[in-house]
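# A closer look at the structure
What follows is the residue order along each chain.
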Amino acid sequence: MKIQVNHIGKMEGHSDFVAEILRGDVKSAKMMTTEGARLIEGILVGRNFYEAPIITSRICGICPVVHKICSIKAIETAFEIQPSAQTIKLRKLMLMAQMIHSHALHLFFLSLPDFFDITDDLKFISQHKKETSAAMELREWALKIIEVVGGRAVHPIACEVGGFKVLPEVAELDNLLNRYPQALKKALAVVNMVLKVKLPKFSRPTQFVALYDGKTYPFYDGHLKLLQADGSEKIIAATKFTKSIKEIEEPYRAAKSAELDGQPFMVGALARLNINHRYLRPLAAGVFKGLNWQLPEYNTFKNIVAQAIEIIHCLEEAELLLRDLRVSLRPEVNPAAELALIAEANPRGQESYGCAAVEAPRGTLYHGYRINRDGIIADCQIITPTVSFLKNLEDDLLAYLPNVMDLPEAKRAIKIRALIRAYDPCISCATH
Amino acid sequence: MRAKIKKKRLAIIGLTSCEGCQFVLLDQGQKFLDLLQHFEVDEFRLIEDKPMLDIKYDLCLIEGNPVTKENLKLLREMRQRSKLLVVLGNCAALGGVWELKNYGLKKKTIKYVYKNQLRVENPDIKEVENFVKVDFVIPGCPVTGDELMEVLQQLINNRRPKLPQNPVCHECQNNGYDCLLQQGQICLGPITLGGCHAVCLKSKQACWGCRGLFEGAAVKNLLAHLEQNFTEQEINHVLEIFGARDSINKALIVPPKKK
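Residues numbered from 1 in each chain as written. Chains lettered and ligands numbered in written order. Predicted model: local features only at pLDDT ≥ 70, side-chain atom pairs only at ≥ 80, totals over all residues. Heavy atoms only, no water.

## A few points about the sheet that holds strand 7 (residues 223-227) of chain A
Residue and element names in this part refer to chain A. Just so we agree on the cut-off: If DSSP finds at least two bridges between two strands, the strands pair. Secondary structure follows DSSP: runs of H or I at least 4 residues long count as helices, runs of E at least 2 residues long count as strands, and numbering of each begins at the N terminus. Axis definition: a line fitted to C-alpha atoms, over the contacting stretch in the case of helices. Angles run 0 to 180 degrees between N-to-C directions. Only heavy atoms matter for contacts: two residues are in contact if any of them lie within 4.5 Å across the pair.
The strand order across the open sheet built from 3 strands is 6-7-8, with neighbouring strands paired in antiparallel fashion. Across the chains shown, the open sheet's two edge strands, defined by having one partner strand only, are strand 6 (208-212) and strand 8 (233-236). Going from strand to strand, the sheet's axes swing by 25° on average, the running direction of each strand aside. Two strands pair when backbone bridges link them, and strand 7 and strand 8 are joined in this way by 4 bridges, in the antiparallel orientation. Note that in strand 8 the partner of Leu224 across the bridge is Ile236. Together, strand 6 and strand 7 form the strand contacts of helix 10 (residues 269-276), whose direction differs from that of strand 6 by roughly 65°.

Okay, structure coming up:
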């Protein structure tokens, strides 16, 4: 017998799900991605280094900020360029806004309707007008931050290797700060709705991976921390990621998948919360404490609760950054650009390699580049969060299917789609 | 009870793309919801999960590029089922960033990404108009929110939209941004269709032509100017990024038709 769920909507990109059942046992569970391959890594070889952040941001329309920043950071590592403290703050502010608007979209519009058994968002919207407008206002505030700092919400422009081409106006930062209390209020309305939803019971131990610095809840920088299923922990330098993570090609899909030390692993909001919950900002920490989770939490449906907690944390973080930047912002020309050091060639005068990791909404994202002495990209590797968790998702589906096998077909399909969507997969990213 | 106005039926189809243009539409927030008073949206996979309906559409927006056979089948089917087919964004209109592949060795490029996978489809990247008749183009990478809403408003009112045929320079100068061409950069502002508010120039990023040529663009003049300071390879490099190189080359051979 086959269980097939075709054209899974309400997520980025296109995919189907197929499971094979033999005498009542689930033999295989496969995510078949149907997105075309764009071959971005191949395209970048032979291009100028400064095109990489612009081209890779086009990997994904919902998370262009993280691709852009990760690409820039990797190139800066290759060039041994240290961006200014102000540049890092502005990038972090963009990252916070990226998390908020992506999570709010996923939570409210893509995932939440599943737990009300509604397949059409437009119907969901019409039934929850107040919460819908709260979710939209929250997203609008976050999108505005990216527009103010990056020049545009989808595919931002102003950030480049070394720093920023232009800086925001202080008045614009003030305006965002003035609207913060309202944004927080709207966020709490959305979060409360998520916390009230009854999620399916499900648990399957796995290993979690996220950036970790032992001081903060990091998105921009840090080492990789592994929280293994037996409770042990391991730290890997983010620059060593290609040695630990192996990408796998499967004959049934264009998207690759990945294993860490030969095992599937989980990334994203749930992984981050399991690893870094101690470092949440006060409001987020308070809400999280009220959940009384037994940690680590292995129910991947709760990824949406983790996203809700992160929305509050990222709002608090964004407020602090806005408060800081509105007084500390100095007119500052990108020092690398000013020295015309990196206009064309590799400033080190020889071929060099650099890689970097950032936390994207869906999990840890890696970019790595080898750049020749003339500034031309010789090698490029990008591992996206969805590639990272695809095998973990398949293993979860394998474990979850027996729970829903006896349901009528239509109902079963809703449950399967709900688990897949709780992961917030981005097939566009996965099939870059 | 008030009589309901008969809504137009709208389909929004994403082929292979980053889906950023669909997000520009969603990011309109309340304006997007207001639009739904005029449109019955049946196919918008980003926000719904219903089985595909076998019905006719008044309007179909196509985003992305037909990279897989499935994409192409869907594109052809939607053309047949739609009165108007409008392409949304640079990928569908000009081929998009992925078209860079066409200028390299296609087989080498796929080999670089997939070491073993021989079944991944690897066609030349072509604009949607090569496969089906296109009624209107909303350009840009990504599309500009207010322009998109304006075009949709025109279509609601059964008007045929027309984009003002001005260069990006027009808006750049009006907004008082620095001229990067004069500062010695390759900027395609003089030949690229405006309507984007010169958003890249605002951030001191030169125009790389994501919106394509405007009618009557003096392509030859700009290229002659650029050739004084840059090699052909350097110029082509910039023309390629958003898929404008092939249409610019075409414009050099046959002057664009006045519509």
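## Points about the nonpolar core
Here is a general trend for soluble globular proteins: nonpolar side chains tend to be buried in one another's company. Applicable threshold: Residues enter a nonpolar core if they are buried and are Ala, Val, Leu, Ile, Met, Phe, Trp, Tyr or Cys, with the set joined through side-chain atoms within 4.5 Å. Only protein chains enter the accessibility calculation, which uses a 1.4 Å probe; a residue whose area is less than 20% of its type maximum is buried, one above 50% is exposed, and one in between is partly exposed. These domain boundaries are the output of an automatic or database domain assignment.
Membership of the largest hydrophobic core comes to 229 residues, with the highest contact counts inside it found for Phe17, Trp141 and Leu315 of chain A. Sort the elements by how many residues they give to this core and helix 4 (residues 85-111) of chain A lands first, with 15 residues. Counting contributing residues, this core receives three or more from each of domain 1 (8-156) and domain 2 (168-253) of chain B. Among residues more than four places away in sequence, those in contact with Leu315 of chain A are Ile100, Leu138, Trp141, Tyr180, Ala183, Leu184 and Ala187 of chain A. Of all hydrophobic cores here, the second largest spans 16 residues; its members include Tyr57, Ala92, Val128 and Val132 of chain B.

## Overview of helix 6 (residues 129-150) of chain A
Definition in use: For a helix, the expected span equals 1.5 Å multiplied by the number of residues minus one.
The first and last C-alpha atoms of helix 6 of chain A sit 31 Å apart over 22 residues, in line with the 32 Å expected at 1.5 Å per residue. A positive phi of about 95° marks Gly151 of chain A, the residue just after helix 6 of chain A.

## Digging into the interface of chain B and chain A
Applied cut-off: Computed with a 1.4 Å rolling probe, the buried area is the accessible surface lost when two parts are put together, summed over both parts. Definition used for salt bridges: Asp or Glu carboxyl oxygen within 4 Å of a side-chain nitrogen of Lys or Arg. Three residue categories are used. Nonpolar comprises Ala, Val, Leu, Ile, Met, Phe, Trp, Tyr, Cys and Pro, charged comprises Asp, Glu, Lys and Arg, and polar comprises the others, including Gly.
On the side of chain A, 64 residues touch chain B, which itself brings 52 residues to the contact. Taken together, the two surfaces of chain B and chain A that pack against each other cover about 4900 Å², and 62% of this comes from carbon and sulfur. Among the residues of chain B in contact with chain A, Asp49, Trp98 and Tyr112 of chain B are the three that bury the most area, contributing 14% of the side total. Counting the contacts that link chain B with chain A gives 2 salt bridges. A salt bridge links Glu240 of chain B to Arg47 of chain A; the nearest nitrogen and oxygen atoms lie 2.7 Å apart. Of all the secondary structure elements, the ones that give two or more residues to the side of chain B that touches chain A are helix 1 (20-26), helix 2 (30-35), helix 5 (106-113), helix 8 (199-202) and helix 10 (232-241) of chain B. Its residues assigned to classes, the side of chain B that touches chain A shows 26 nonpolar, 14 polar and 12 charged.

## Some thoughts on the side chain of Asp396 of chain A
When you line up the elements, Asp396 of chain A lands in helix 14 (residues 385-404). In contact with Asp396 of chain A, not counting residues within four places along its chain, are Phe202, Arg204, Thr300, Leu419 and Tyr423 of chain A.

## Some remarks on the domain arrangement of chain B
One widely used convention gives an interface's size as the accessible area the parts lose upon coming together. Residue and element names in this part refer to chain B. As a reminder, the rule being used: By the criterion applied in these results, polar contacts are pairs of N or O atoms within 3.5 Å in which, for protein atoms, one can donate a hydrogen and the other can accept it, and in which residues neighboring in sequence qualify only through two side-chain atoms.
Taken domain by domain, chain B holds domain 1 (8-156) and domain 2 (168-253). Here the C-alpha centre of domain 2 lies 25 Å away from the C-alpha centre of domain 1. In this complex, domain 1 contributes 14 residues to the contact, which on the side of domain 2 involves 16 residues. In total, about 1200 Å² of surface goes out of reach between domain 1 and domain 2, with carbon and sulfur atoms giving 52% of it. Our count for the domain 1 to domain 2 interface comes out at 1 salt bridge. Residues Glu147 and Arg211 are paired through a salt bridge, measuring 2.8 Å at the closest nitrogen-oxygen approach. Linking domain 1 to domain 2 there are 4 residue pairs in polar contact (both at pLDDT 80 or more). Where the side of domain 1 that touches domain 2 is concerned, the elements lending two or more residues are helix 4 (90-94) and helix 6 (145-156). Partitioning the side of domain 1 that touches domain 2 into residue classes produces 6 nonpolar, 4 polar and 4 charged.

## A short note on the sheet that holds strand 13 (residues 377-383) of chain A
Within a sheet, adjacent strands bond to each other through the backbone by hydrogen bonds, running parallel or antiparallel. Residue and element names in this part refer to chain A. Spatial strand order, 11-12-13: 3 strands in an open sheet with antiparallel pairing. Whereas interior strands pair on both sides, the edge strands pair on one side only; in this sheet they are strand 11 (352-360) and strand 13. The sheet shows a mean angle of 10° between the axes of neighbouring strands, direction not considered. As paired strands, strand 11 and strand 12 (residues 363-371) are joined by 9 bridges and run antiparallel to one another.

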